[in-house]
Structure formats: C-alpha cells, structure tokens
Amino acid sequence: MSFDCFWPTDEQFARLAPPLSTDTRRVPRVDDRRLISGIVHLLRTVCRWKDAPACHGRHETLCNRFVRWAAKGVWEDVFTSPATAGGPPGSLMIEATHAKAHRSAAGRKGGAEAQAIGRSHGERRTKIHAAVDERGRPRRLIVRPGHRGDAPVAPELVAGFPPQLRPAAAAHDGNALRKALIDEGTRPVIPNNPTRKVKHPADRTAYRARNAISLRDQTSGMPSAHLLPRRPRDPPTEGPPST
C-alpha cells in the first residue's frame, strides 16, 4: 500500500522550528521535519501510530515526541508563534467548539479535569476554546472538558492581551468577562445571554467582525454546518398521463 507523505516546505518549517524543543538528552536528534510530517499525516488520516508510513520513521518515535511536546506546551507555541510574529492583534475574537473523544478515551488519573474529557449530549467530548485575531489566526487555545460552559473560561482566554475590539458570542456573556474587559479599557461587544435579567447595550455593527471566527470551524477549517448553503429542492416531476 502506498501513502502520500506530507512534507513541509523550507518556508513552512522555518516558521515552525523556533518553538520546537532542542533537548536531545545526549541522544542523536531525529529530523524534526520528518517527525512533524509524520504527526500531521497521522492527525489527518486518524490512523494508529503503528500504521504510520515508513517514510516518517519509527512510529514509537512519533508517539513519544508527540506526547512529550504536548506535555511541554510545544504544540501550543507552534499554533501561536506564527501569529504573534506580526505584533499585537488589531481585534480579538473568542469561540469554542467540541471535539468528540473515543468511547474508551477516559480513565486517566485525575478525572475529567486532568484529561479534559466530559460527557456532553450523551457523548464523551473535549471543548476547545480559541482566541483568534482579525485574520482568524489562533492566539490562545484552552482545552476543557466538553460539559464545561464557555463563560467561566472566557476571562482566562482574553487575559494579558492589549485593549482592542473583542467580540464574543452570547454563550460567553458573564459578569466576570464584562468586568475584566472594562477594567482594562475595552468595550465589551457581547450579545446579551437570554438568561440575563439586566440587559446591556450591544454594538451589532462591531459584532459582525466575529465572522472571521464563526464562519469557519476551528478544527477542520471548513465552514460551519449551519452556514452551508442548503441544496435546492428538486422540482416536482410530472407523472405519466393518466388513461
């Protein structure tokens, strides 16, 4: 069986190389480009580590490097470093999406919080909270169990960024987030949650900037399902003439 091996270009790898860990533990270092290409291939095809094509090297090395870099936060730096190279964002938008977990994924010590897996809509899910800039590039990613709400994570998601336009969905509407934004000099652009008793004014024109994040799913890059155009109905066909 033949596989198409993904291989990053020189320009792509130059942008990914700075956050990578350089601790070799006195062992000859494996080619990082080959490792990244193998990990990307596995994530795209959703196959087992042992099914990795031979052009990416030993599957044990791929698995160990993926787990080690995840524990050190290297993958988060890989996501954010290309975006931060251009300076502070002009605006910041936050959104959350679910990632379905395997039915046998749970069971790690520490419970749902340590593994970021919880039951939501009858399934095991992980919720990915993302803060992106005006171009849709991720600036911060936070992973929480799937049953956790969006509003409690929102203040942590936007903390530390300079004041700028920050549209958020109604699911993020909470007193803690509004207070944090006002204290740093940012005007909240958040629709009122239907459960809120005291309503706050919302700038609908500024809220339209959220299209940069809401039009695309953060896990697949595809447009959100509810925004896809519906297939037009087939015109009614005429039956055979009655005799």
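Residues numbered from 1 in each chain as written. Predicted model: local features only at pLDDT ≥ 70, side-chain atom pairs only at ≥ 80, totals over all residues. Heavy atoms only, no water.

**Student:** I would appreciate a short explanation of the overall build of the protein in the present structure.
**Tutor:** The number of helices and strands found in the protein is nine helices and six strands. Residues counted as buried form 32% of the 243 residues belonging to the protein. Here the contacts in the protein between residues at least 6 apart in sequence split such that 50% fall between residues at least 24 apart. Here the protein has roughly 15800 Å² of accessible surface; of this, 54% comes from carbon and sulfur atoms. (Helix = DSSP H or I, 4+ residues; strand = E, 2+ residues; numbered from the N terminus. Buried < 20%, exposed > 50% of the residue type's maximum accessible area, 1.4 Å probe, protein only. Contact = heavy atoms within 4.5 Å. Areas by Shrake-Rupley, 256 points an atom, 1.4 Å probe, with all protein chains shown as cover.)

**Student:** Which parts of the structure should I look at to understand the pattern of salt bridges?
**Tutor:** As enumerated under the stated definition, the model contains 12 salt bridges in all. Arg125 is the partner of Glu123 in a salt bridge, and the nearest nitrogen-oxygen pair spans 3.0 Å. Residues participating in the shared-partner salt-bridge network are Lys100, Glu123 and Arg125. (Salt bridge = Lys/Arg side-chain N within 4 Å of Asp/Glu carboxyl O.)

**Student:** Explain the side chain of Lys127 to me, please; I cannot follow it from the model alone.
**Tutor:** Summarising the element assignment, Lys127 is placed in strand 3 (residues 123-132). Since its relative accessible area comes to 9%, Lys127 is described here as buried. One polar contact links Lys127 to Asp150, side chain to side chain, over a distance of 3.0 Å. (Polar contact = N/O pair within 3.5 Å; in protein donor to acceptor, adjacent residues only side chain to side chain.)

**Student:** Help me understand the side chain of Thr186 in this model?
**Tutor:** Among the structural elements, Thr186 can be located in the loop between helix 7 (175-183) and strand 6 (188-189). Here the side chain of Thr186 touches Glu184 through a polar contact of 3.3 Å, side chain to side chain.

**Student:** How do you make sense of the packing of helix 2 (residues 32-45) against helix 3 (residues 59-72) when you look at a structure like this?
**Tutor:** Axes are the key here: two packed helices are described by the angle between their axes and the distance separating the axes. In contact at an axis separation of 10 Å, helix 2 and helix 3 are set at 90 degrees when each is read in the N-to-C sense. Here helix 3 runs roughly perpendicular to helix 2, going by the angle between their axes. Listed contacts from helix 3 to Asp32, Leu35, Ile36, Gly38, Ile39 and Leu42 of helix 2 are Thr61, Leu62, Arg65, Phe66 and Trp69. Among the residues making up the contact of helix 2 with helix 3, the classes are represented as seven nonpolar, two polar and two charged. (Axes fitted to C-alpha atoms, helices over the stretch in contact; angles between N-to-C directions. Parallel < 35°, antiparallel > 145°, perpendicular 65-115°, else oblique. Nonpolar A, V, L, I, M, F, W, Y, C, P; charged D, E, K, R; others polar.)

**Student:** Any chance you could explain helix 7 here in plain terms?
**Tutor:** Three or four residues apart is the spacing at which side chains of an α-helix point the same way, because the helix has 3.6 residues per turn. Along helix 7, the positions that sit buried rather than exposed are Leu177, Arg178 and Leu181. All buried residues of helix 7 lie within an arc of 100 degrees about the axis, which places them on one face of the element. Pointing more than 90 degrees away from the buried face of helix 7 are the exposed residues Asn175, Ala176, Lys179 and Asp183. Next to the buried residues of helix 7 lie strand 1 (93-100), helix 6 (154-158), strand 5 (166-167) and strand 6. Backbone geometry just after helix 7 places Gly185 at a positive phi near 90 degrees. (Arc of directions from axis to C-beta.)

**Student:** Please clarify how the nonpolar core should be interpreted in this entry.
**Tutor:** The tendency in soluble globular proteins is for nonpolar side chains to be buried as a group. With 13 residues, the main nonpolar core has Ile94, Val158 and Leu177 as its most contacted residues. Elements that contribute at least two residues to this core include exactly helix 6 and helix 7. With three residues, the top contributor of residues to this core is helix 6. Once you skip the residues sitting within four places of it in the chain, Val158 turns out to touch Leu92, Ile94, Arg140, Arg166, Leu177 and Leu181. Counting residues in each nonpolar core, the second largest holds 12 residues, with Leu20, Leu35, Leu42 and Val78 among its members. (Core = buried A, V, L, I, M, F, W, Y, C linked by side-chain atoms within 4.5 Å.)

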